[in-house]
2 protein chains.
Amino acid sequence: MLLKRWLVGDPIKTAQAAHERLSKRLALAIFSSNSISSVAYATEEILLVLILAGTAALAWSIPVSLAILFLVIVLTISYRQIIYEYPQGGGAYIVARSNLGEMPALIAAAALMIDYVLTVAVSVAAGVAAITSAVPALFAHREALGLISILFIVVMNLRGARESGRFFAVPTYLSIAALTLMVVVGTFRSFANSGVALPPLSTIGPDGAMENLTLFLILRSFAAGCAAVTGMEVISNGVKAFRPPESENAARTMVWMSVILGSLFIGISWMAYHYGIMAKPDETVVSQLARLTFGSGVAYYVIQVGTMMLLVLAANSAFAGFPHLSSILARDGFMPHQMATFGDRLVFSNGIMILGFFACLLLVLFQGDTHALIPLYAIGVFVSFTLSQAGMVRRWLVKKGLHWRKKLIVNGVGAVTTGIATVIIAVTKFMQGAWIVFLLVAALIMMFRTIRSHYKAVAEQVALSRDARPPRPRRNLIIIPIGGVNKAVIRAVDYARSRGGEVRAVLIDVDKEETAVVEIKWAQWGCGVPLIVLPSPYRSILGALLDYVEENLEKDPECWITVVLPEILPARWWQNILHNQRALLLKGALLFKDRVVLTDVPFHLTR
Amino acid sequence: MLLKRWLVGDPIKTAQAAHERLSKRLALAIFSSNSISSVAYATEEILLVLILAGTAALAWSIPVSLAILFLVIVLTISYRQIIYEYPQGGGAYIVARSNLGEMPALIAAAALMIDYVLTVAVSVAAGVAAITSAVPALFAHREALGLISILFIVVMNLRGARESGRFFAVPTYLSIAALTLMVVVGTFRSFANSGVALPPLSTIGPDGAMENLTLFLILRSFAAGCAAVTGMEVISNGVKAFRPPESENAARTMVWMSVILGSLFIGISWMAYHYGIMAKPDETVVSQLARLTFGSGVAYYVIQVGTMMLLVLAANSAFAGFPHLSSILARDGFMPHQMATFGDRLVFSNGIMILGFFACLLLVLFQGDTHALIPLYAIGVFVSFTLSQAGMVRRWLVKKGLHWRKKLIVNGVGAVTTGIATVIIAVTKFMQGAWIVFLLVAALIMMFRTIRSHYKAVAEQVALSRDARPPRPRRNLIIIPIGGVNKAVIRAVDYARSRGGEVRAVLIDVDKEETAVVEIKWAQWGCGVPLIVLPSPYRSILGALLDYVEENLEKDPECWITVVLPEILPARWWQNILHNQRALLLKGALLFKDRVVLTDVPFHLTR
């Protein structure tokens, strides 16, 4: 408990909840790291695909990057409309549920949940890659570094939203500044053609190109680069977390985020193209660019550490999104109710821990390799983009209202654009692993529906009917099974007698002599409770007891039967194996009997 | 349950217990397989050691075998005295406990328990070796064959003693007969020097002898051969299982067993020496002898299958001894009480299953190889032999009585002989693995003593003092924590009200609106039970409840508090994850509070 307090801090009162709202500056740090950090690997993923068609194909990285920039702009404009329309938070699930119905909503929810887990895994893997680029000796330990990072974020998040925001704001801004400086200096030099000597474009290995430069290959590089756009929906989910006026502040933060994202992404792509940088297995593209721009001095290390922090913090935004989505789903009955439980610190502890667990699992399965994870990534996000935009289109068509035609066109463009991107991603990545995502989405939807139908069935079964009346009082027969007379047994008798009802102690006669001894002791200690001695020809204590209970249940089909068990509670856990084995069997046998209630009366041992 | 009945049969009444006694013929089958079966590997183990000094050293197998025969004779005579002196069963533990004190008794018990497990593992491994000698294709599957055999014996034993005796009698006698026939025919031919051509003694591999023929080596071969004597104590443990006059019948059975054991063992050793048989990794000595005697026809296969059955049945006698010893230890408080519980079929089910588990574990650890297990074997048995004989010596010195000097000399010779053998075994096998046995003995003794001291502490803590009086009736406050009003809650209220005491429903106010709804519903459905609404500034339902319980405990330092929890019992196990998570936390928090008793009132869902 003390450890928990130290790690996650003191509990917070409900009244304080309003003060947990985020200023724009804090919100930008918390919500933008997810999307901005993707510049650390998006360009690299584009180059990794294009290089398959030889170095000449690398020139295509510029048009591909521009296409992705176009996506960023479209998404920014369309999401601003969602932010204003859903000030309570307009995640894809909510927008789809209120405009398109249950099935599209569940698809969006499942796709998003999978992508939250992937965001954590990909970001942490890429963050670790930034560090191992700078310190190659750590390359062998990248899995362990990733796991430690995830654990760190989990603990930070259990401490609560605002504090983690504070904790994360400084490094976020620091790394954005460092990356911006690199892009500005690098781009300026590339136009001035001064300073750094340009290395010649080298050919790829002895074999040269491995594939032809087909349209499919270009689309594949576009799909890989779409990882840059992931995380743009985060702000629309969290409008409620902003200070009032919430929508206004959120929309502005969104624009800022997109401007930073777009310029860094295009800048890095341009520099990579201009300086002829190629992806290497053990050094990231950003690391190579930083070395070119600043040499291997302090500035280089600032960039690398900054990138790493930004990426690790990106994982953090998923830790806000995932538990939030889970809690909305839990309130709608699609997830276990406990997912909707506030933790001590106003955050959704269960969701945070589940997300952390699955992200660690994924990291271990894919051995902490960003490139191995990328094929699974982005598809979920784009499915949810498309569903939100389609939902908004439907909304304007049904609701109409002020300027609805203009708004319809904006979201329509968004829906069509993201729809096309989704199809491209799905088709080009399908064989590389996206099929796993489709399977998982299907499995999650099945889980959601199973859980909901169970809760519905429960609600029907426990619902009180209007015309029913409260039950009349019934008889209660209390049975205390005893094997001897000692303090634990007398304690149980004392307890049973302290409440009303007909109390009987029951002894199973296994050994005549012992039975006689117990009967004599009972006369002194039994507090006047009658002792029933039951014969047991088969020496089965359990069987004889069960028969007795059954018999009494049949005698009075209305009555309750309470079985009061004297239970010895050992002082140490391993001592449990030496006690109460019979009580355990009895509990198992009685659990499914209607009208039978079990009560343990613990006797606490001190040694 | 049905499966259990089909596997282990119907329960048996206590009154039938007397009829479970064994006739001499059945007893010989059940108790002798352990010792007689060791002829299947004892000679081989002697040869395996001697061959290290080259083929000429093999001649030493005859004097070594004669020394072991001498041991058999000494043990038979001394154990007869134990059988008459302890008609209730005189295992080493009982003899040592009543004559030498607790520590020697525990050493004997620990040594015996380890040897029971080893008996099962060694016998089954050797039995499987008999089969794989005949069908080499099965050699790769010897682990699996061993595990299946152990499982088979476990199930047979759970069916009860007499039936397993019947089941085992026929194959036991069959295989003794087959082995006897082989020894008679083989020995006759060896003296007649007719029939089979003697193969020349071949030298061992290209290197020849690997060690010099030292006294140590000869003693090592003696120690290895001592495996032949294991199991001779089994009858003295089980005198009670014989029909009256128990001691008379047991003593006669013991003599029969020793005669069969001694003649088979010496016969096989003689044949092996005479025909120049050497141990091979994939064919047993007995298999080679059988081939020489009968060729590879039907008679050969009868010998092999018979040996296998005898060995697998040998494991069976450990399944009588181990649970029996455990139950005696359990009655003395050195083992968990549940080990003393009769199973349905008058056998000690817990012990049978534990023995089966550890034997399987050992078999897997040593990959089903007899030779790998042998160094651990016999040491435990000889420690217990020595302790029993020493105990008897002490007994005659203290008790005296009729012919006590003669009896003293018999057991004295037994004690000295087995003592010397024990030292030889311990010294020669120590480095080969016997040290593990010593460690395990120490660990088991620690376990015995820890368990006993715990039970003692418990007995002291629950003991009723002579001058104390039965407790006076106390107040009982019943608290029903509710989160809403439904059938499950009303059921709990109905239950609580059916007994006396002051009943209160408690609602934690997390959401004002919801609280108001519950209050209105409660007016209709609450059966007149007052509803207490508790504020919870930290939204912690658990914390507010615990505070309330604590407060009431302090208000009246005498009263009981009963927390009645409405619990939803799902129809399927996986649905449990969707319910009662909060109840579980509450239970955990209340378990260690004195004077607080928890009662679950289950509401059974049907779908």
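Since this is a predicted model, take the numbers as computed values, not measurements.

Caption draft 1: How the structure looks around the nonpolar core. Counting 143 residues, the largest nonpolar core has Tyr93, Met182 and Phe448 of chain B as its most contacted members. At 22 residues, helix 6 (residues 102–134) of chain B tops the list of elements feeding residues into this core. Sequence-distant contacts of Tyr93 of chain B, that is, excluding residues within four places in its chain, are made with Ala105, Leu106, Ala108, Ala109, Leu325, Ile328, Leu329, Asp332 and Phe334 of chain B. Within the second largest apolar cluster, 141 residues are counted, among which are Ala125, Ile153, Phe265 and Ile328 of chain A.

Caption draft 2: Representation of a nonpolar patch on the surface. Residues and elements named next belong to chain A. Together, Ile354, Phe357, Phe358, Leu361 and Leu365 make up an exposed nonpolar region whose accessible area comes to about 480 Å². In this fold, Leu361 is placed in helix 14 (residues 349–365). Classification of Leu361 by relative accessible area gives partly exposed; the value is 40%.

Caption draft 3: Structural view of the environment of Leu112 of chain A. Residues and elements named next belong to chain A. When you line up the elements, Leu112 lands in helix 6 (residues 102–134). For Leu112, a relative accessible area of 3% translates into the label buried. Each C-alpha atom of the pair Leu112 and Ala330 lies 15 Å from the other, and the pair is 218 residues apart in sequence. Not counting residues up to four positions away in its chain, the partners in contact with Leu112 are Ala92, Glu233, Leu325 and Ser384.

Caption draft 4: Structural context of the relation of the copies chain B and chain A. The two copies are related by a screw operation: chain B maps onto chain A through 180° of rotation and 0.0 Å of translation along the axis, at an RMSD of 0.1 Å. Taken together, the rotation angle and the small translation identify this as a two-fold axis. Among all residues of chain B, the minimum C-alpha distance to the rotation axis is found for Gly500 of chain B, at 2.0 Å.

Caption draft 5: Molecular detail of the packing of helix 5 (residues 92–99) of chain A against helix 16 (residues 379–399) of chain A. All names here are of chain A. Taken N-terminus to C-terminus, the directions of helix 5 and helix 16 make an angle of 40°; their axes are 8 Å apart at the nearest point. Between helix 5 and helix 16, the angle falls in the class oblique. Between helix 5 and helix 16 lies a crossing of left-handed hand. Facing helix 5, whose interface residues are Ala92, Val95, Ser98 and Asn99, helix 16 presents Ser384, Ser388, Gly391, Met392, Arg394 and Arg395. Residue composition of the contact of helix 5 with helix 16, by class: 3 nonpolar, 5 polar and 2 charged.

Caption draft 6: Up close: the packing of aromatic side chains. Following the criterion strictly, the structure yields 20 aromatic pairs over all chains and no others. By way of ring pairs, the aromatic residues Tyr79, Phe382 and Phe385 of chain A are connected into one cluster. Positioned above the aromatic ring of Trp404 of chain A is the side chain of Lys400 of chain A, whose terminal nitrogen or guanidinium carbon lies 5.2 Å from the ring centre. Positioned above the aromatic ring of Phe139 of chain B, the side-chain terminus of Arg142 of chain B is 4.5 Å from the ring centre.

Caption draft 7: Structural view of the packing of helix 4 (residues 61–85) of chain A against helix 11 (residues 246–274) of chain A. Residues and elements named next belong to chain A. Helix 11 packs onto helix 4 with a crossing angle of 175° between their chain directions and a minimal axis gap of 10 Å. Judged on the interaxial angle alone, helix 11 and helix 4 are roughly antiparallel. A per-class count over the contact of helix 4 with helix 11 returns 18 nonpolar, 7 polar and 2 charged.

Caption draft 8: Just the environment of Leu145 of chain B, in detail. All names here are of chain B. Considering the arrangement of structural elements, one finds Leu145 in helix 7 (residues 142–158). The spacing of Leu145 and Ile131 is 14 residues in sequence and 9.6 Å in space, taken between C-alpha atoms. Not counting the four nearest positions on each side in its chain, Leu145 is found in contact with Val128 and Leu138.

Caption draft 9: Expanded view of the interface of chain B and chain A. Contacts between chain B and chain A engage 80 residues on the former and 80 residues on the latter. Linking chain B with chain A are 4 salt bridges, by the criterion used here. With a shortest N-O distance of 2.8 Å, Asp494 of chain B and Arg474 of chain A are connected by a salt bridge. Our enumeration of links across chain B and chain A arrives at 19 residue pairs in polar contact (both at pLDDT 80 or more). Of the residues in the side of chain B that touches chain A, the class split is 41 nonpolar, 20 polar and 19 charged.

Caption draft 10: A look at the pairing of strand 2 (residues 502–509) of chain B. Residue and element names in this part refer to chain B. Along strand 2, 7 of the 8 residues are buried, which leaves the element largely enclosed by surrounding structure. With helix 18 (residues 487–498) bridging strand 1 (residues 476–482) and the parallel strand 2, this β-α-β connection has right-handed handedness. Relative to strand 3 (residues 531–535), strand 2 runs parallel, the two being bridged by 5 bridges. Bridge pairing in strand 3 places Val506 opposite Ile532. Crossover connection from strand 2 via helix 19 (residues 512–525) to parallel strand 3: handedness right-handed.

Thresholds applied
- Residues numbered from 1 in each chain as written.
- Chains lettered and ligands numbered in written order.
- Predicted model: local features only at pLDDT ≥ 70, side-chain atom pairs only at ≥ 80, totals over all residues.
- Heavy atoms only, no water.
- Core = buried A, V, L, I, M, F, W, Y, C linked by side-chain atoms within 4.5 Å.
- Buried < 20%, exposed > 50% of the residue type's maximum accessible area, 1.4 Å probe, protein only.
- Helix = DSSP H or I, 4+ residues; strand = E, 2+ residues; numbered from the N terminus.
- Contact = heavy atoms within 4.5 Å.
- Patch = residues over 30% accessible without salt bridge, like charges linked within 9 Å, V, L, I, M, F, W, Y side chains within 5 Å.
- Areas by Shrake-Rupley, 256 points an atom, 1.4 Å probe, with all protein chains shown as cover.
- Salt bridge = Lys/Arg side-chain N within 4 Å of Asp/Glu carboxyl O.
- Least-squares fit on C-alpha atoms with pLDDT ≥ 70 in both.
- Axes fitted to C-alpha atoms, helices over the stretch in contact; angles between N-to-C directions.
- Parallel < 35°, antiparallel > 145°, perpendicular 65-115°, else oblique.
- Left-handed = near helix turned anticlockwise from the far one by under 90°.
- Nonpolar A, V, L, I, M, F, W, Y, C, P; charged D, E, K, R; others polar.
- Phe/Tyr/Trp six-rings, centres within 6.5 Å; stacked < 30°, edge-to-face > 60°.
- Lys NZ or Arg CZ within 6 Å of the ring centre and 35° of its normal.
- Polar contact = N/O pair within 3.5 Å; in protein donor to acceptor, adjacent residues only side chain to side chain.
- Right-handed = clockwise from strand over helix to strand, strands pointing away.
- Pairing = 2+ DSSP bridges.

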